[in-house]
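# Chains, contacts and geometry: an overview
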Amino acid sequence: PWAFLQALSLVRQRNFGVLFVISFLVATELAFYYQLTPLFFEKGLSLPAAWVMPVMTIGQIAEVAVLALLPFSLKRFGMRTTIAIGIAAWPLRYLIFALGRPTALVIASQALHGVCYAFFFVAGQVYANEVAQGDIRASAQSLLVFVTQGAGMFLGNLFAGWADVFFARDFHKIFLVPVAITAACCLAFLIGFSERLRTAQLAAQAPSPGSGST
């Protein structure tokens, strides 16, 4: 019955704590994508209204494609590098949005949403499943969902709305805000998250030879 509190205690571990905080901060910038990008395509890029949703769909299609690459990336590059790539895709996409040209590049950058989603959110869930033991795994994953899709998105919607008003719908300035924040998050994650510590932790959790039942 106290599984959620046990999952919350994982925040005291260095790697999970870093992922927890960075996930929250990055998720606050997700609202700039869902809330302001359709307006940007229509008002900033002057795309026909009928094109906006099909262009947004590029990101959803990319999610499926990149998810197929996630196991390979985790095996080849490790958890730290994979998640860092996922975070780095955020400032890159928003920088292209801030530049706003050429239009074809802006539209093509929608595919980066797949990297943002699979290599960050999904990889984070994979790590939560690794570090949590037994019956607290679901609670650890739920904790990340709450801090990203719950608290992060809620504050992000308020933040994105404020930025829209403050910069008077100047999309160049608006999208520079998530560029700065997510770039700082990527650097902080690379400094704070240790792949060596993860490897040692997984080795410690692995059952010793001959410990299984016959």
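Everything below is about the structure shown above.
Now for a quick tour of the structure. (Residues numbered from 1 in each chain as written. Predicted model: local features only at pLDDT ≥ 70, side-chain atom pairs only at ≥ 80, totals over all residues. Heavy atoms only, no water.)

Right, let's get into the nonpolar core. It is characteristic of soluble globular proteins that their nonpolar side chains tend to be buried jointly. Of all hydrophobic cores here, the largest spans 63 residues; its most connected members are Phe16, Phe32, Phe41, Ile87 and Phe189. Residue assignment for this core shows that the elements contributing at least two residues are α2 (14-27), α3 (30-44), α4 (49-67), α5 (70-99), α7 (112-131), α8 (137-166) and α9 (171-192). In terms of residue count, the dominant contributor to this core is α5 (12 residues). Setting aside its immediate chain neighbours within four residues, phenylalanine 32 contacts Thr37, Tyr94, Phe159, Ala160, Ala163, Ile174, Phe175, Val177 and Pro178. (Core = buried A, V, L, I, M, F, W, Y, C linked by side-chain atoms within 4.5 Å. Buried < 20%, exposed > 50% of the residue type's maximum accessible area, 1.4 Å probe, protein only. Helix = DSSP H or I, 4+ residues; strand = E, 2+ residues; numbered from the N terminus. Contact = heavy atoms within 4.5 Å.)

On the surface, Phe72, Phe77 and Ile85 cluster together to form a nonpolar patch covering roughly 300 Å² of accessible area. Considering the arrangement of structural elements, one finds isoleucine 85 in helix α5. (Patch = residues over 30% accessible without salt bridge, like charges linked within 9 Å, V, L, I, M, F, W, Y side chains within 5 Å. Areas by Shrake-Rupley, 256 points an atom, 1.4 Å probe, with all protein chains shown as cover. Salt bridge = Lys/Arg side-chain N within 4 Å of Asp/Glu carboxyl O.)

Omega for the bond connecting arginine 101 with proline 102 falls within 30 degrees of zero, at -15 degrees, which places this linkage in the cis form. Topologically, proline 102 is positioned in the loop between α5 and α6 (103-108). We note that alanine 168 has phi near 50 degrees; this positive angle belongs to a residue other than glycine. Looking at where alanine 168 falls in the secondary structure, it is placed in the loop between α8 and α9. For arginine 169, which is not a glycine, the phi torsion comes out positive at approximately 55 degrees.

With that out of the way, let us pick up the pattern of salt bridges. Applying the stated criterion across every chain, the model contains 3 salt bridges. In this structure, arginine 169 and aspartate 164 form a salt bridge, with 2.7 Å as the shortest nitrogen-oxygen distance. We classify aspartate 164 as buried; its relative accessible area is 11%. Ionic contacts of the salt-bridge type, sharing partners, join the residues Glu130, Glu195 and Arg198 into one network.

Turning next to the side chain of threonine 148. Among the structural elements, threonine 148 can be located in helix α8. Its relative accessible area of 5% is what places threonine 148 among the buried residues. Looking at threonine 148, its side chain comes within polar contact range of the main-chain oxygen of leucine 144, at 2.7 Å. In this structure threonine 148 touches Ser23, Ala27, Phe121 and Met153, once residues within four positions along its chain are discounted. (Polar contact = N/O pair within 3.5 Å; in protein donor to acceptor, adjacent residues only side chain to side chain.)

Okay, the environment of proline 91 next. Residue placement: proline 91 occurs in helix α5. Taking relative accessible area as the criterion, proline 91 reaches 11% and is therefore assigned buried. C-alpha of proline 91 to C-alpha of proline 178: the two residues are 87 residues apart in sequence and 6.6 Å apart in space. For proline 91, the residues in contact, after removing those within four places along its chain, are Val179, Thr182 and Ala183.

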